[in-house]
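This is what each chain is made of:
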Amino acid sequence: MSGRATYKTFKGGIHPPYNKELASGKAVREAPLPPEVIIPLQQHIGAPNEPLVKPGDRVEVGQKIASSEAFVSAPVHASVAGTVKDITEITGFTGAKVKCVVVTPDAEQPEFRKQDRDITSLSDSEIRDIAREAGLVGMGGAAFPTHVKLAPPKDKPVDTVIINACECEPFLTCDHRLMLERPVDLVRGLKLLMRAVGAKKGLIGIEANKMDAVDAVRDAAAGDTDIAVEVLEVKYPEGAEKMLIYALTGRKVPPGKLPSEVGCLVQNVGTAVALYEAAAWGKPLYERVLTVTGPGIKEPGNLLARIGTPISALIEACGGFAGDPGKVIMGGPMTGWAQPDTNAPIVKGTSGVVVLTPEAVDVGTEEECVRCGKCVDVCPMFLLPNFIAQSVKKGQWDKAEMWGALDCFECGCCSFSCPAYIPHVDYVRKAKAEITALKRK
Ligand code: SF4
Ligand code: SF4
């Protein structure tokens, strides 16, 4: 028998240039300490935190510096040992103002003192408490507090925990490196997740362009009959929650519903490893692995960086810009946030910094729709992006909603495929804002 292997996947999606070779072979190295870390008080979806420190205070690495009593929230910890210089408002990576604790690091940083805890007998509620105390959030970008995800509604039992190890965004390679360098800890983190929700099955979904990671994680999970490593087609957005659940289990999450509706919980690679570190070592989430890459970076790589490190320091740590930068993106090019400058600090959900050249940024000028249907073919949510865009242009918000604007999760497949350069995601965002405002009236 010959021919190409076929892997599990979903319907729709695109095959953008992945450009992962720029950083995938680079082992994770520690980023140098910046002159100051700027730690946003809110790095999660949910209630805002209040500061627990004031200017002039000494802080130790891993010390809690901001928290909230609200359930849907996650505390924030000092990422360095040092002195609080200021508590101030800055423009964060989304363009919104965020309150931050600015810390000047000590010249000498003590090693984090790892505890050696027995994690084999932790109960479900103990694991949830650990996740909360460590400030864990989804590290794939969504930044939803992990302890909240670990407490699904009583009438929606979770039988399957899925590790999203697709890393389907072009350029990013930090999850790939974690799987190669920390596969055992990933599997241990998955087991903690399974125990927290009482799931009998764990699935790790990895795209077929990372077969070395498939081998490493399969080796790490050998002997665990309740865990399976599945190979998925290389396609964007394979790692989107609903697409991943369908590809791996055949279950369809209904519009507007959460994965627990179909008995699933999805967490990404970084979050699973961070849960293991929190449970076994007592380590809060104050640093993370991320990728600094793109044709506009001299020496792309994967860095272990302290939360609050400004993008500029990470770019410098990777040799600086290669020529004039066209665009600096926090996150991947499909779902990340363009940065007007390099001052914004990284947060728990930052998986990468991508720098594109001016040529790569030139996407063409919007033209009239030629009715080719490509946007409809690629939409993984089976929406009609062309009709949504037309409705928005005419201010017909009821029609935009009818064509599914609220179900769009802004993956960008439609914009990527459109020969008329129609910025569909911009139109969808506008529709969502208008429809939500109308519903509030
Ligand atoms: S309409 Fe939304 S979900 Fe569909 S392809 Fe476009 S951005 Fe993705
Ligand atoms: S891909 Fe662009 S040109 Fe083609 S139908 Fe959709 S909006 Fe129109």
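Note that the coordinates shown come from a computational prediction; the quantities given were computed from them, not determined experimentally. (Residues numbered from 1 in each chain as written. Chains lettered and ligands numbered in written order. Predicted model: local features only at pLDDT ≥ 70, side-chain atom pairs only at ≥ 80, totals over all residues. Heavy atoms only, no water.)

A. Up close: the pairing of strand β12 (residues 264-268). Judged by how many residues are buried, β12 sits mostly within the fold: 5 of 5 residues are covered. Residues Cys264, Val266 and Asn268 of β12 are buried on one face, and the alternating residues Leu265 and Gln267, pointing to the opposite face, are buried as well. Here 5 bridges tie strand β9 (residues 160-165) to β12, and the two strands are oriented parallel to one another. Opposite Thr160, over in β12, you have Cys264 as the bridge partner. (Buried < 20%, exposed > 50% of the residue type's maximum accessible area, 1.4 Å probe, protein only. Helix = DSSP H or I, 4+ residues; strand = E, 2+ residues; numbered from the N terminus. Pairing = 2+ DSSP bridges.)

B. Local environment of the environment of Arg117. Along the chain, Arg117 turns up in the loop between β8 (97-105) and α1 (124-133). Placed 109 residues apart in sequence, Arg117 and Lys8 show a C-alpha to C-alpha distance of 38 Å. Beyond its immediate stretch of four places on either side in the chain, Arg117 contacts Ile130, Ala278, Ala279, Ala280 and Gly282. Of note is the side chain of Arg117, whose polar atom sits 2.8 Å from the side chain of Gln115. (Contact = heavy atoms within 4.5 Å. Polar contact = N/O pair within 3.5 Å; in protein donor to acceptor, adjacent residues only side chain to side chain.)

C. Representation of the site of ligand 2 within the structure. Close contacts around ligand 2 come from Cys369, Val370, Arg371, Cys372, Gly373, Cys375, Asn386, Cys418, Pro419, Ile422 and His424, and that covers them all. For the shell around ligand 2, a count of residues per class yields 7 nonpolar, 3 polar and 1 charged. (Near = heavy atom within 4 Å. Nonpolar A, V, L, I, M, F, W, Y, C, P; charged D, E, K, R; others polar.)

D. Spotlight on the side chain of Thr271. Among the structural elements, Thr271 can be located in helix α7 (residues 269-281). In this structure the side chain of Thr271 is engaged in a polar contact, spanning 2.7 Å, whose partner is the side chain of Asn268. Here Thr271 is in contact with Leu136, Val137, Gly138, Met139 and Thr146, once residues within four sequence places are set aside.

E. Representation of the packing of α1 against helix α4 (residues 183-197) in the model. At a minimum axis distance of 7 Å, the contact between α1 and α4 shows a crossing angle of 120 degrees. Relative to α4, α1 is oriented oblique. For the element pair α1 and α4, the recorded crossing hand is left-handed. Contacts from Asp124, Ile127 and Arg128 in α1 reach Leu192, Arg195 and Ala196 in α4. In terms of residue class, the contact of α1 with α4 is made up of 3 nonpolar, no polar and 3 charged. (Axes fitted to C-alpha atoms, helices over the stretch in contact; angles between N-to-C directions. Parallel < 35°, antiparallel > 145°, perpendicular 65-115°, else oblique. Left-handed = near helix turned anticlockwise from the far one by under 90°.)

F. Layout of the environment of Pro152. With respect to the helices and strands, Pro152 occurs in the loop between α2 (146-149) and β9. For the pair formed by Pro152 and Ala360, sequence separation is 208 residues and the distance between their alpha carbons is 42 Å. Once residues within four sequence positions are removed from consideration, Pro152 is found in contact with Val158, Val197 and Ser260.

G. A look at the nonpolar core. Ile163 and Ile204 are the most contacted members of the largest nonpolar core, which has 48 residues in total. Of all elements in the fold, only α1, β9, α3 (174-181), α4, β10 (201-207), α5 (211-221), β11 (227-232) and α7 reach the threshold of two or more residues within this core. Counting residues per element, this core draws most heavily on α7, at 10 residues. Each residue touching Ile204, except ones within four places of it in the same chain, is listed here: Ile163, Ala165, Leu190, Val217, Ile227, Ala228, Val229 and Glu230. (Core = buried A, V, L, I, M, F, W, Y, C linked by side-chain atoms within 4.5 Å.)

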